[in-house]
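One letter stands for each residue in the lines below.
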Amino acid sequence: MGALVVLGLESSCDETSAAVVVLKEGHLSVRSCTTAAQDLLHEEYRGVVPEIASRAHLEAVIPTIRRALQEAAITPRELHGVAAASRPGLIGSLLVGSSAAKAFAWGRSLSFVGIDHVVAHLVATQLDTEAVEWPAVGLVASGGHTSLFAMRGPLDLDLIGATIDDAAGEAFDKAAAILNIGYPGGARLDELAESGDAQSIDFPVTALSGLDFSFSGIKTALSLAAKREAGRHKSADFAAAFRRAVVAQIVRNLARAIDERGARSCLVGGGVAANRLLRREAARVCDERGCALRLAPARWCTDNAAMIAGAGALRIARGERDPWDLAPQPLSSLARGPRGQRVKRA
Ligand code: KG4
Ligand code: ZN
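So, here is what we can say about the structure in this document. Remember, predicted model here, so these are calculated numbers, not experimental data.

Let us look at unusual backbone geometry. Following R87, the chain continues into P88 via a peptide bond in cis, with omega recorded as -20°. Tracing the sequence through the fold places P88 in the loop between β4 (81-87) and α3 (91-107). Positive phi, normally seen in glycine, also occurs at E25, with a value near 50°. With respect to the helices, strands and loops of the structure, E25 is situated in the loop between β2 (15-24) and β3 (27-37). The backbone phi angle of D128 is positive, close to 55°, even though this residue is not glycine.

Below, the structure is given as structure tokens:
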């Protein structure tokens with residue numbers, strides 16, 4: 001097959017993003033990616049307000065698509081398909097992007113595919129770079145997920161570990177709120193932690209059996225320590241000690257998964273994959289094991305449509321397309337059930 005050109009849309013949370021990606025000889029290259037962020041609209045609430053998010057997506061989606069096509073110098077006639085994030089996420093927000101994608105595809109007789117945003121975070125490690133050696137272990141650490149996958153290919157993956165309470169990004173955001181360092185907090189806490197003393201406060205590293213994660217205990221420990229020892233430490237010390245405990249837990253499970261699965265590569269994506277300490281520590285454990293580390297570059301860690309277009313191109317290349325009545329879903333196809341049971345959804 002020649003080159004496959006795909007338009008991707010991302011609107012699962014608070015970024016409206018459109019991108020054009022080309023799949024050629026197994027290689028994904030990003031032709032354009034343009035993103036309209038909504039941080040300022042949600043800042044005063046210190047969290048994403050779903051109704052505000054979907055209205056902002058509605059205003060931004062068509063201009064964003066237009067800009068992505070322009071920047072890629074691609075006309076709609078040159079496209080082979082359209083992909084949109086269809087799960088997991090805020091239903092109203094997902095509806096805007098996936099409806100726009102369907103309408104665009106329908107009107108031009110193109111294939112439409114709905115993409116699992118969590119799977120796309122791992123495709124983000126495969127954009128504009130060389131082929132991955134399989135099998136691999138994948139880690140997605142974001143605002144909504146902290147999940148480990150055993151992977152035999154980019155779209156062929158099983159969930160082997162997940163958080164039983166907060167996601168890592170959610171924990172970073174809550175910690176930033178406790179330390180009063182602003183919204184969105186994860187990146188700011190990471191920045192502040194660079195100048196703190198991680199050993200000054202001893203937060204416990206949560207240890208569950210198996211490959212699951214838990215971050216709510218560390219968050220409570222921070223909240224108590226911040227009240228009890230406010231005068232004794234700088235906020236940079238709290239940030240550094242908190243980050244150390246969160247990253248230690250993630251990296252311990254990552255190393256365990258690599259060993260158990262005999263992984264040749266390790267793929268790390270999601271907003272928290274931008275964390276400086278996580279990047280350094282993932283490099284260390286992969287180095288020790290001779291495992292090739294594929295960290296998503298910072299610009300593809302946070303939500304973006306390039307990863308959606310990339311995942312879409314891989315699916316369309318396999319001859320897949322989704323029906324026009326595909327409905328957005330709040331949970332990932334690879335998430336646990338409501339009581340934490342392991343289920344695989346259709
Ligand atoms: O993947 P993403 O953009 O959205 C979701 O799918 O959730 O991830 C956003 C999350 C937020 O919780 C944000 O605070 C966190 O990623 N984040 C970070 C860093 N940059 C973003 N957390 C820790 N360190 C960072 N440098
Ligand atoms: Zn995400």
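Read on, since the account is not over.
With that out of the way, let us pick up the coordination of the zinc ion (ligand 2). Every protein donor of the zinc ion (ligand 2) is listed here as H117 (NE2), H121 (NE2) and D303 (OD), and their distances to the metal cover 2.0 to 2.1 Å. Spacing between the donor residues of the zinc ion (ligand 2) along their common chain follows H-x3-H-x181-D. On the criterion of sequence distance, the pair formed by H121 in helix α4 (residues 117-123) and D303 in the loop between α10 (298-301) and α11 (305-317) is long-range, its members being 182 residues apart. The pair formed by H121 and D303 is uniform in burial state, with each residue classed as buried.

About the thresholds
Residues numbered from 1 in each chain as written. Chains lettered and ligands numbered in written order. Predicted model: local features only at pLDDT ≥ 70, side-chain atom pairs only at ≥ 80, totals over all residues. Heavy atoms only, no water. Helix = DSSP H or I, 4+ residues; strand = E, 2+ residues; numbered from the N terminus. Donors = N, O, S within 2.8 Å, 3.2 Å for Na, K, Ca; no water. Buried < 20%, exposed > 50% of the residue type's maximum accessible area, 1.4 Å probe, protein only.

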